[in-house]
Amino acid sequence: MTITSQAELWLASTSPYRQQILQKTGLPFQVAAPDIDETPLAGEAPEALVQRLALAKASKVASTLNHGLVIGSDQVAVFNEDMLGKPHTAERAIAQLQAFSGNVVTFLTGLALLDAATGQSLLCCEPFKVHFRQLTPDEIAGYVTLEQPLDCAGSFKSEGLGISLFEKLEGADPNALVGLPLIRLLQMLRQHGVNPLL
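Just so we're clear, the structure is a prediction, and the values are computed from it rather than from any experiment.

*Asks:* Sorry, what's going on with the pairing of strand 6 (residues 121–132) here?
*Replies:* Along a regular strand, successive side chains alternate from one face of the sheet to the other. Bridge count for strand 5 (residues 104–115) against strand 6 is 11 bridges, and the pairing is antiparallel. Residue pairing for strand 6: Thr 106 is matched across the bridge by Lys 129. Turn length for the strand 5-strand 6 hairpin, with the two strands adjacent in sequence and antiparallel, is 5 residues, and the turn residue Gly 119 shows positive phi of about 80°. In terms of strand pairing, strand 6 meets strand 7 (residues 166–171) through 5 bridges, oriented antiparallel. What sits directly across from Lys 129, in strand 7, is Glu 170.

Printed below as a string of structure tokens:
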């Protein structure tokens with residue numbers, strides 16, 4: 001089966017960050033909100049969780065379509081073997097960043113590409129490590145006040161001022177840190193005959 005670069009592409013996410021990343025490809029796409037239960041299963045490993053949720057999001061949107069390729073993605077931050085969610089409050093964001101100071105946080109992003117017509121899927125988990133520098137309490141408070149990263153796992157926006165918190169970044173694709181591993185996604189799309197360069 002040959003699919004042109006004009007294949008119907010769907011992003012199963014309302015995240016503005018993921019939409020901005022996908023826009024880099026120049027490929028036209030539509031957005032749909034996947035309404036799924038994101039509760040981890042008992043004893044579920046972070047890698048398994050993000051892949052399961054990425055596929056569940058893509059499947060939810062694909063179930064409403066006759067054809068098209070659906071992208072699902074999910075991310076967790078892991079620190080000291082604990083999965084971290086979005087802080088939602090300034091106090092929690094400050095507490096997270098205080099714990100991260102001088103330490104390494106691993107971000108795991110699950111990525112799924114699902115063919116709505118056939119039900120076939122491609123799935124992966126992309127790791128990315130963030131090495132935080134030693135941060136002062138004033139720097140942390142100042143950062144949270146300036147950027148309000150309350151809806152971001154890890155309490156920072158790497159595409160913004162969050163970069164000032166880091167000593168170094170370690171991973172194959174910086175887009176993975178923002179929530180959509182674009183290098184891996186483009187590899188998956190090429191397997192379906194979708195190439196933004198052709």
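Resuming the write-up.
*Asks:* Hey, could you run me through the packing of aromatic side chains in this one?
*Replies:* Each aromatic ring pair is described using two quantities: the centre-to-centre distance and the angle formed by the ring planes. Applying the stated rule across the entire model yields 6 aromatic pairs. Ring centres of Phe 79 and Phe 100 lie 5.2 Å apart, and the angle between their planes is 75°; on these two criteria the pair is classed as edge-to-face. Linking Phe 79 in strand 3 (residues 69–79) with Phe 100 in helix 3 (residues 90–100), this pair joins segments that are 21 residues apart in sequence. Like Phe 79, the residue Phe 100 is buried in the burial classification. Pairing Phe 132 with Phe 156 gives two aromatic rings, centres 5.7 Å apart and planes at 75°, and the pair type is edge-to-face. In this pair, Phe 132 sits in strand 6 while Phe 156 sits in the loop between helix 4 (137–147) and strand 7, placing the two residues 24 residues apart along the sequence.

*Asks:* Help me understand the side chain of Ser 101, please; the structure alone is not making it clear to me.
*Replies:* Tracing the sequence through the fold places Ser 101 in the loop between helix 3 and strand 5. Residue class for Ser 101 comes out buried when judged on its relative accessible area of 13%. Excluding anything up to four places from it in sequence, Ser 101 contacts Phe 132, Arg 133, Gln 134 and Leu 135.

*Asks:* Is there a simple way to explain helix 1 (residues 16–23) in this structure?
*Replies:* Note that an α-helix has 3.6 residues per turn; residues three or four places apart therefore point the same way. Restricting attention to buried positions, one finds in helix 1 the residues Tyr 17, Arg 18, Ile 21 and Leu 22. One face of helix 1 carries all of its buried residues, which in axial projection span an arc of 130°.

Rules behind the numbers
- Residues numbered from 1 in each chain as written.
- Predicted model: local features only at pLDDT ≥ 70, side-chain atom pairs only at ≥ 80, totals over all residues.
- Heavy atoms only, no water.
- Pairing = 2+ DSSP bridges.
- Helix = DSSP H or I, 4+ residues; strand = E, 2+ residues; numbered from the N terminus.
- Phe/Tyr/Trp six-rings, centres within 6.5 Å; stacked < 30°, edge-to-face > 60°.
- Buried < 20%, exposed > 50% of the residue type's maximum accessible area, 1.4 Å probe, protein only.
- Contact = heavy atoms within 4.5 Å.
- Arc of directions from axis to C-beta.

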